[in-house]
Amino acid sequence: MNKETMNKETMNKKPILMTSFPPTLRQSCLWIHRYTGLAMAAFLIIAGITGTLLAFHDELDDVFNHKLANIEAQHKPPLPIATLHDAVISAYPQYQFSSMPTSVALHKSAVFSVDRVRGESAKNQPKAPFQEVYINPFTSEIIGTRDKEAWAWRNTMYKVFWLHRDLLLGDIGKLILGIVSLIWTINCFIGFYLTFPRAVSANKSQQTALRKSSGKPRASFFKRWLPAWKIRRKTNTFKLNYDLHHAFGLWLWLMLFVIAWSSVGFNLKSVYQPVMQALVGLEGRDEGKGNKQNKPAINTESSSDEATTIGTNMNSTNKVDKANSIAYLSRQAEIAAQKNGVTVQQLLGIRWVEEDNQWQMRFKTNKDIGKKGGASSITVDAATGNVERVNFGYQSSFGNQADQWMATLHMGHISHGVGHLLYQIFLALTGLAVAVLSGTGVYLWVKGRQSRLKQRQKLTVKDNSLKRLRETSH
């Protein structure tokens, strides 16, 4: 059965919905798919387009923020990270900078982020007017600061991210997108079902007679399903949109499901976590963190003194101080990785934990999933240099790894080098496909509605003419 036959059958069977016969499963699914798709269309178009841009977030952010992010390379090695950190603390002593980058890319500024103050401490300290400090790694000169919450050209990608994340509406936006994502997830399965070829008619004797008259046996399920995967080249606009809607949905079905369900995880955890716990044994993200969360927050009433104290402790006579922290922890991470049969691929960042007098470094091994939640970490006691704990991301439970894969595939933190670039392109095209699926769905609904209205008008005209004939006959 080719697609033209399928289209004709669809158009011919639509009036059945207006009769007194109860709707079939397929008709019910079609109704749900059609109207939930219409309700979601605007949100998914926004999410698809912004997602396409976010696939190249870092590259585009450097373009919009080039005055702060890019510098002229010099024919000499950059200054040590510790020296750059000291310069930032000296320039802004009233704020805390407990994290540091582990390296600086060529032609790029070194970026230091202000610590986010939470809990009771946030009430006693005015909010920092910026979130990032950019510094020249060759001269330790402060290039400038960046307030990512301001409406400015350099913050374009930051605003695109939050438009994608919560529609720039905060918690209300997250709830809206969470509900949309949940409906989208369910619609993935409904849409997949609707691509199946129609079942055989209940009038088997008629079907048998037709097959005997034609002399051809009925084609197999997969042969009848194959046209749904294809896009006809020489066709009209309606059929092209019909083909795009079906084919894109089938080709990218698995990725669309991953994006939809992971979006539920980002925005609607009250639904996502119980389902994942039941299906794959996801462990609560807050398990094992209770002790750390119950510790008193750092007192910031005298913010300048506190920041100076932190800077002093980082540079104290501890065995591991700021100057040697990156080299020491990276070496310990390599030793721990070798013992476990893995290799360290990338250092992701280092942080000073003042209340514990410890250094923490995040890194990615060749078996870890992405660079965020699935990455590894090592914690070292600053006074003794002893390794307190090492957490390898790949050793997490199956449920947590499934969750990490969902998030990593959604955010594009896959591979590195050429492999990462190829996945970025694929993710960007998937975002465009989401917008195309929504747009073609709306188009098909509009055309279908126009067709149904014409059919109703014809039936009305026919009924009216029959009434006139009856009246004249009497």
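Everything numeric here is computed off the predicted structure, so don't read it as measured data. The residue numbers shown here count from 1 along each chain, following its written sequence. Only residues with pLDDT of at least 70 are given local features in this predicted model, and only at 80 or more are side-chain atom pairs given and counted; all residues enter the totals for whole chains, interfaces and linings. Side-chain calculation: all heavy atoms of the structure are included, whereas hydrogens and water are not.

## What about helix H8 (residues 171-194)?
Structural remark: α-helix, 3.6 residues per turn; residues separated by three or four positions point the same way.
Piece 1. Starting at the N terminus, helices and strands are each numbered in turn, a helix being any DSSP run of H or I of at least four residues and a strand any DSSP run of E of at least two. One less than the number of residues in a helix, times 1.5 Å, gives the span that helix is expected to have. When the terminal C-alpha atoms of H8 are compared, their 34 Å separation across 24 residues agrees well with the 34 Å that a helix rising 1.5 Å per residue should span.
Piece 2. Think of it this way: the bend at a residue is just the angle between two axes, each fitted to seven residues, one set ending at that residue and the other starting at it. Largest kink in H8: about 25°, centred on Asn 187.

## Let's talk about the nonpolar core
Piece 1. As used here, the term nonpolar core means buried Ala, Val, Leu, Ile, Met, Phe, Trp, Tyr and Cys residues forming a set that is joined through side-chain atoms within 4.5 Å. In this scheme, a residue with accessible area under 20% of its type's maximum is buried, one over 50% is exposed, and one in between is partly exposed, where area comes from a 1.4 Å probe on protein chains only. Core analysis: the largest hydrophobic core is formed by 32 residues, its most contacted members being Phe 97, Phe 112, Leu 329 and Trp 359.
Piece 2. For this core, the secondary structure elements donating two or more residues are helix H5 (81-91), strand E2 (110-113), strand E3 (132-135), helix H16 (322-339), strand E5 (344-353), strand E6 (358-365) and strand E7 (376-381).
Piece 3. By residue number, the principal contributor to this core is H16, which donates five residues.
Piece 4. Residues Leu 256, Leu 282, Ile 414 and Val 434 belong to the second largest nonpolar core, which totals 28 residues.

## Observations regarding the sheet that holds E3
Piece 1. At least two bridges found by DSSP between two strands are what make those strands a pair. Spatially, E2-E3-E4 is the arrangement adopted by the three strands of the open sheet, whose pairing is antiparallel. Bordering the open sheet on either side are E2 and strand E4 (142-146), each of which pairs with just one other strand. Taken over all neighbouring pairs, the strand axes of this sheet differ in orientation by 20° on average, direction set aside.
Piece 2. Bridge count for E2 against E3 is four bridges, and the pairing is antiparallel. Residue pairing for E3: Ala 110 is matched across the bridge by Ile 135.
Piece 3. Whether two residues touch is decided by their heavy atoms; if any such pair falls within 4.5 Å, the residues are in contact. Simply put, an axis is a line fit to the C-alpha atoms, just over the touching stretch for a helix, and the angle between two N-to-C directions goes from 0 to 180 degrees. In the packing of H5 onto the sheet, the strands contacted are E2, E3 and E4, and the crossing angle to E2 comes to about 55°.

## Points about the packing of aromatic side chains
Piece 1. Only centres within 6.5 Å qualify two rings of Phe, Tyr or Trp (six-membered ring in Trp) as a pair; their planes then separate them into stacked at under 30 degrees, edge-to-face at over 60, and tilted for everything else. In total, this model carries 26 aromatic pairs according to the counting rule given.
Piece 2. Judged by centre distance (5.1 Å) and plane angle (50°), the ring pair of Trp 31 and Tyr 35 falls under tilted. Linking Trp 31 with Tyr 35, this pair stays in helix H2 (residues 25-54), spanning four residues, or about one helical turn.
Piece 3. A residue is classified by how much of its surface remains accessible, and Tyr 35, at 32% relative accessible area, is partly exposed.
Piece 4. A ring pair is formed by Phe 221 and Phe 222, whose centres lie 5.4 Å apart and whose planes are at 85°; its orientation type is edge-to-face.
Piece 5. Judged by relative accessible area, which is 33%, Phe 221 ranks as partly exposed.
Piece 6. Within the aromatic cluster, the residues linked to one another by ring pairs are Phe 189, Phe 192, Tyr 193, Phe 196, Phe 221, Phe 222, Trp 225, Trp 229, Trp 253 and Phe 257.

## Re the pairing of strand E8 (residues 387-391)
Piece 1. Bridge count for E7 against E8 is four bridges, and the pairing is antiparallel. Across the sheet, the residue bridging to Thr 379 is Arg 389, located in E8.
Piece 2. Here E7 folds back onto E8 in antiparallel fashion, the turn holding five residues, of which Gly 385 has a positive phi close to 80°.

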